[in-house]
Amino acid sequence: MHNTTAMLIELGAVILALGLLGRLAGRVGFSPIPLYLLAGLAFGHGGILPLGASEEFIATGAEIGVILLLLMLGLEYSASELVTTLKTQYPSGAVDFVLNAAPGAVAALLLGWGPVAAVALAGVTWISSSGVIAKVLGDLGRLGNRETPVILGVLVMEDLAMAVYLPILTALLAGVSLAGGSLTLLISLGTVGAVLYVALRHGRLVSRAVSSDSAEMLLLVVLGLTLLVAGVAQHLQVSAAVGAFLVGIALSEEVAEGAHGLLAPLRDLFAAVFFVFFGLHTDPANIPPVLLPALALAVVTMCTKIATGYWAARRAGLPAKGRWRAGGTLVARGEFSIVIAGLAVGTEPRIGPLATAYVLILVVLGPLAARWTEPLARRVTCRSGGGPRGTAEPVGPVEPVEPVEPVERAGSAGPAGLAAAQPLDHAEPAATSG
């Protein structure tokens, strides 16, 4: 069979299967992400029906999927809202690093893998999956919830921290000199700073340049600009996802709203392809030998992520329900963890299967934790006979949190909206953008 014909048949079968799985998940009120991953395992190496002709196309589609997920996330917020989030959430980023990087580092040292592998596995357990969490927030209809700016604040801190972490890890793995590693780090930080400056100071000019009355022209320009910036960022040792997120931040008002509507179907398609691709490159036979240590590490870091989100939401003045939802939503690991493990495999081959099993566990449990952490915590609180300390919230069933009114953009629940909706319960005043 001709290679193009085989690719079309395989690709059509995969997309059709994803559509059917998505409909099944929708009927039972469940996120389709775990089903997409299981489909990838079935079609991947060592699976029931391995794919060959369409694998390269799916790999490219997976990269585009991550980029679009982060672009759409960036479109939800303006540059001023991003600055407010960073000002208010940097302590949460520090707590996130301490609680979630330490288990990976300790596990690597206990396994005897050495300090370089410890740095790598610390990154695997530290970074939540922005792609998975963005999809989960959309699937559960929580983009307008009060805890969402807190979640996004932690994710933004993590994504931007990758601009520092990845060059350091790469230098350690390559064994380069301190000067060489410092140069790579300076280039990375300079790139992030330049993009942030353009987004903050000249965002309206960028929006005016790409604005168009034609939906076709707007789609082409925004998509082309996003892919270009993501590619340049990747070339300069900055995450392509960070570049795409910052492009979304740079676009404002009508342009952001128009681009959101045009790109949403593409985002859904390529995001599904991304999760399938993740499963395609996991041989099911490699999972059982490392399942127990990966499961133990997953349980520990699931608890530390929930604690991170709870602490960050409490610091933002949210009631107990929002705190538990924030913690549960942050559980999933994904794209960054796999990238980090892939870099480290050359130095410590054993980190590959462990990281793969670990991420598969949490990328499946992540959507479940996002959905069920708050109801389970509420039931435990009810059985214990007392409400959470420090809150005035009654025990028992309560009405769901109403979405915050949109701020500047349709579908946005930015930090400004959060600050207007309710006061903070800590001594630090809410930061405002200049």
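Residues numbered from 1 in each chain as written. Predicted model: local features only at pLDDT ≥ 70, side-chain atom pairs only at ≥ 80, totals over all residues. Heavy atoms only, no water.

Draft legend 1. View of the overall build of the protein. The helix and strand inventory of the protein stands at 16 helices and zero strands. Residues counted as buried form 50% of the 434 residues belonging to the protein. Taking the intrachain contacts of the protein between residues at least 6 apart in sequence as the baseline, contacts between residues at least 24 apart amount to 82%. For the protein, the exposed surface amounts to about 19000 Å²; the carbon and sulfur share of it is 68%. (Helix = DSSP H or I, 4+ residues; strand = E, 2+ residues; numbered from the N terminus. Buried < 20%, exposed > 50% of the residue type's maximum accessible area, 1.4 Å probe, protein only. Contact = heavy atoms within 4.5 Å. Areas by Shrake-Rupley, 256 points an atom, 1.4 Å probe, with all protein chains shown as cover.)

Draft legend 2. Highlighting the layout of surface pockets. As a volume, the largest pocket reaches approximately 780 Å³. Lining the largest pocket are 34 residues, and of these Glu63, Glu335, Phe336, Ile338 and Val339 sit closest to its centre. Listing elements by their share of the lining of the largest pocket, those giving two or more residues are helix 3 (55-75), helix 7 (148-174), helix 10 (240-250), helix 11 (253-280), helix 14 (335-344) and helix 15 (351-384). The dominant element in the lining of the largest pocket, judged by the number of residues it contributes, is helix 14, at seven residues. Here the lining of the largest pocket is composed, by residue class, of 21 nonpolar, 10 polar and three charged. (1 Å grid on protein atoms, 1.4 Å probe; cavity = no way out; pocket = protein on both sides within 12 Å on 5 of 7 lines; lining within 4 Å. Points joined across faces, edges and corners; volume = space filled by probe spheres on them. Nonpolar A, V, L, I, M, F, W, Y, C, P; charged D, E, K, R; others polar.)

Draft legend 3. The side chain of Ser129, seen in detail. Examined against the element boundaries, Ser129 turns out to sit in the loop between helix 5 (115-126) and helix 6 (130-139). Contact partners of Ser129, with chain neighbours within four places excluded, come to Ala332, Arg333, Gly334 and Glu335.

Draft legend 4. Main features of a nonpolar patch on the surface. On the surface, a cluster of nonpolar side chains totalling about 290 Å² of accessible area is made up of Val164, Ile168, Leu172 and Leu189. Of all the elements, helix 7 adds the most residues to the nonpolar patch, at three residues. Mapping Leu189 onto the fold places it in helix 8 (residues 178-210). Leu189 gets classed as partly exposed once you look at its relative accessible area, which sits at 40%. (Patch = residues over 30% accessible without salt bridge, like charges linked within 9 Å, V, L, I, M, F, W, Y side chains within 5 Å. Salt bridge = Lys/Arg side-chain N within 4 Å of Asp/Glu carboxyl O.)

Draft legend 5. The arrangement of the packing of aromatic side chains in detail. Scanning all chains against the criterion turns up three aromatic pairs. When the centroid spacing of 4.9 Å and the interplanar angle of 75° are considered together, the rings of Phe97 and Trp126 count as edge-to-face. One end of the pair, Phe97, is in helix 4 (residues 79-110); the other, Trp126, is in helix 5, with 29 residues separating them in the sequence. Residue classification places Trp126 among the buried positions, given a relative accessible area of 8%. Relative to Trp324, the ring of Tyr310 has its centre 4.8 Å away and its plane inclined at 55°; by these criteria the two rings are tilted. (Phe/Tyr/Trp six-rings, centres within 6.5 Å; stacked < 30°, edge-to-face > 60°.)

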